[in-house]
Amino acid sequence: MQVSIETTSGLERRLTVGVPAARVDSEVNDRLKKASKDVRMPGFRPGKVPMKVMQQRFGAGIRQEVLGEVMSRSFQEAVVQEKLRPAGQPSIEPKSLDAGKDLEYIATFEVFPEVDVVELSDFPVEKPVAEVKDDDIDNIIDVFRKQQGGWEAAERAAQDGDKVNIDYAGTRDGEDFDGGSAQGSDLELGSGQMIPGFEDGIVGMKAGDEKTLALSFPEDYHSEDLKGAAVEFKVTLNGVQEMVPAPLDEELFAQYGVEEGGQEQFRKEVGENMARELKNAVESKVKQQVMDAVVEAHAAVEVPKALIGQEVDVLRNQMFQQFGGAAGQDLDLKSLLPDDMFTENAERRVKLGLVLAELISKLELKADADKVRETIEEMASTYQDPEEVINWYYSNQEQLSSVESKVLEDQVVEKLLENAKIAEIQCSYQEAISPPQQEPGDEEEA
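Small disclaimer: the values here were computed from a predicted structure and weren't measured.

Parameters and conventions
Residues numbered from 1 in each chain as written. Predicted model: local features only at pLDDT ≥ 70, side-chain atom pairs only at ≥ 80, totals over all residues. Heavy atoms only, no water. Helix = DSSP H or I, 4+ residues; strand = E, 2+ residues; numbered from the N terminus. Rg over C-alpha atoms; globule rule 2.2 N^0.38 Å. Areas by Shrake-Rupley, 256 points an atom, 1.4 Å probe, with all protein chains shown as cover. Lys, Arg positive; Asp, Glu negative; His and termini not counted. Charge placed at Lys NZ, Arg CZ, Asp CG, Glu CD. Pairing = 2+ DSSP bridges. Axes fitted to C-alpha atoms, helices over the stretch in contact; angles between N-to-C directions. Contact = heavy atoms within 4.5 Å. Core = buried A, V, L, I, M, F, W, Y, C linked by side-chain atoms within 4.5 Å. Buried < 20%, exposed > 50% of the residue type's maximum accessible area, 1.4 Å probe, protein only. Parallel < 35°, antiparallel > 145°, perpendicular 65-115°, else oblique. Nonpolar A, V, L, I, M, F, W, Y, C, P; charged D, E, K, R; others polar. Polar contact = N/O pair within 3.5 Å; in protein donor to acceptor, adjacent residues only side chain to side chain. Expected span 1.5 Å × (residues − 1).

(A) Quick peek at the overall build of the protein chain. Counting its regular elements, the protein chain contains 13 helices and 11 strands. A compact globule built from 446 residues should have a C-alpha radius of gyration of about 22 Å, whereas the protein chain, at 33 Å, is more than 25% larger. Judged by the C-alpha coordinates and their principal axes, the protein chain covers about 100 × 60 × 50 Å. Carbon and sulfur atoms make up 46% of the accessible area of the protein chain, which totals about 27,100 Å². For the protein chain, the separation between the mean place of its 48 positive charges and that of its 91 negative charges on side chains is 13 Å.

Shown next, in the form of structure tokens:
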């Protein structure tokens, strides 16, 4: 087999591969002989069809199959011979496929880059420092009570947080406009559902009150006709409802998995869950800063376009599913969610993955079995039967590998933090758990 290699640009390589005709012809003949044992044709006994007839009837089709397989195998042999690491599938361009002649084709593909790991030192990291206080637990319990509560009529003026039923009619320069009117519409005050000033204008109104609100649509409103438009809404308030939280009783506790121990146990478990959430949030924010430093330090690393394209598809599908899309739907996702929405983030994730892999190799790290077990036990602790969840992870190699990858990343982060300048930032629980702004489809690296 003859192989020549050419660097076309950056990471792109072009292999010209020549395979002797004898190799192709031999495989074609072997396959025809094997097929002849099972072929039944009029005028011939089973297994006795002459090779000349087999060649006439089936030779072209079998040759096409063999050519495809030989090109696939010879490509793999060529990249091993040339010590190349292809990133993505090659583009194959046949040059000579004629029977009796050597097979020749050109394979164009990208290779993985050589990553020179940059040593990180004295890079800044801000670590949030917070604790779960009684007030924080009270706030979360209030949220739970409202989630399980209900709306009841209120014989008073509307307040922020109430649900009101209204009729409204909007006009612009005295004329009605599309979508500006409704009858018997429910609105939760403070939800931000309506344009600025609308909900605030209803606060203080009572059932039966009428009021005209002079407002303006935002300059970035989705309707071109109404951007920045001055309008008036005549509003009639039909009724006010207030949220009545569920009582702190056994029924509420059971809704959140606490069957025994009453309010004391309920608060204890809520606090433990919040502490776990706080720990994970702090670790995630610190890890994100370390990963950002890694990417910045390796900005010069070139990334294969094929891998970026694959990652774009992953991010696109993730976003589609997050918004309720289901697999198998007949939709043109590339039109709905074009590549450029995800390309920058996809390149970052691929680059980070390449650098982390090199770091793991350089540091000779392996996933710590005890940390893997600890991670799985922590995830399982939120389920009703933790032991069942633990056993599931250890019996599912794909899920176990995912946890091991996370643990390996965490071990890399721990090593890099040894050379970081860590500044502890005191903050509230809520500030600590608030997520940073993310790009479309961005998730913690896995």
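Moving on from the model shown.
(B) The arrangement of the sheet that holds strand β4 (residues 103-111) in detail. The strand order β1-β2-β4-β3 describes an open sheet built from four strands, whose pairing is antiparallel. Each end of this open sheet is capped by a strand with a single partner; those strands are β1 (2-9) and β3 (86-96). Taken pair by pair, the neighbouring strands of this sheet meet at an average axis angle of 20 degrees, ignoring direction. As paired strands, strand β2 (residues 12-19) and β4 are joined by eight bridges and run antiparallel to one another. Following the sheet pairing, Val17 is matched in β4 by Tyr105. Taken strand by strand, helix α2 (residues 51-81) contacts β1, β2, β3 and β4, and its axis lies near 55 degrees from that of β4. Taken strand by strand, helix α7 (residues 305-322) contacts β3 and β4, and its axis lies near 120 degrees from that of β3.

(C) Quick peek at the nonpolar core. Ranked by size, the top nonpolar core spans 52 residues in total, and within it Phe123, Phe266, Val270, Val290, Val294, Val412 and Leu416 carry the most contacts. The set of elements that each furnish at least two residues to this core consists of β5 (123-129), α3 (134-147), α5 (250-255), α6 (262-297), α7, α9 (343-362), α12 (397-417) and α13 (429-433). Counting residues per element, this core draws most heavily on α6, at 12 residues. Among residues more than four places away in sequence, those in contact with Leu416 are Leu120, Phe123, Val290, Val294 and Leu359.

(D) How the structure looks around the environment of Glu251. Inspection of the secondary structure assignment puts Glu251 in helix α5. Judged by its relative accessible area of 59%, Glu251 falls in the exposed class. Through-space distance from the C-alpha of Glu251 to that of Tyr168 is 40 Å; in sequence the pair is 83 residues apart.

(E) Up close: the pairing of strand β10 (residues 230-244). Here strand β6 (residues 150-153) pairs with β10 via four bridges, running antiparallel. Pairing of Glu152 across the sheet is with Glu242, part of β10. In the sheet, strand β7 (residues 163-172) pairs with β10 via nine bridges, with the strands oriented antiparallel. If you follow Gly170 over to β10, its bridge partner there is Phe233.

(F) How the structure looks around the packing of α6 against α9. Where α6 meets α9, the closest approach of the two axes is 10 Å, and the angle between their N-to-C directions is 90 degrees. In terms of orientation, α6 and α9 fall into the roughly perpendicular class. The residues of α9 that touch α6, namely those facing Gln288, Met291, Asp292, Val294 and Val295, are Arg348, Lys351, Leu352, Val355 and Leu356. Among the residues making up the contact of α6 with α9, the classes are represented as six nonpolar, one polar and three charged.

(G) Here's a closer look at the environment of Asp167. Considering the arrangement of structural elements, one finds Asp167 in strand β7. In this structure, the C-alpha to C-alpha distance between Asp167 and Arg276, residues 109 residues apart in sequence, is 46 Å. Of the polar contacts made by the side chain of Asp167, one reaches the side chain of Asn238; its length is 3.2 Å.

(H) Geometry of α7. For α7, spanning 18 residues, the distance from its first C-alpha to its last is 26 Å, which sits close to the expected 26 Å at 1.5 Å a residue. When α7 is considered as a whole, its buried residues turn out to be Leu307, Ile308, Glu311, Val312, Leu315, Arg316, Met319 and Phe320. Of the surrounding secondary structure, the elements contacted by the buried residues of α7 are β3, α8 (333-336) and α9. Phi turns positive one or two residues past the end of α7, at Gly324, with a value near 95 degrees.

(I) Here's a closer look at the environment of Gly271. Counting through the fold element by element, Gly271 comes out in helix α6. Residue Gly271 is classed as buried on the basis of its relative accessible area, which comes to 13%. Residues Gly271 and Tyr429, 158 residues apart in the sequence, show an inter-C-alpha distance of 12 Å.

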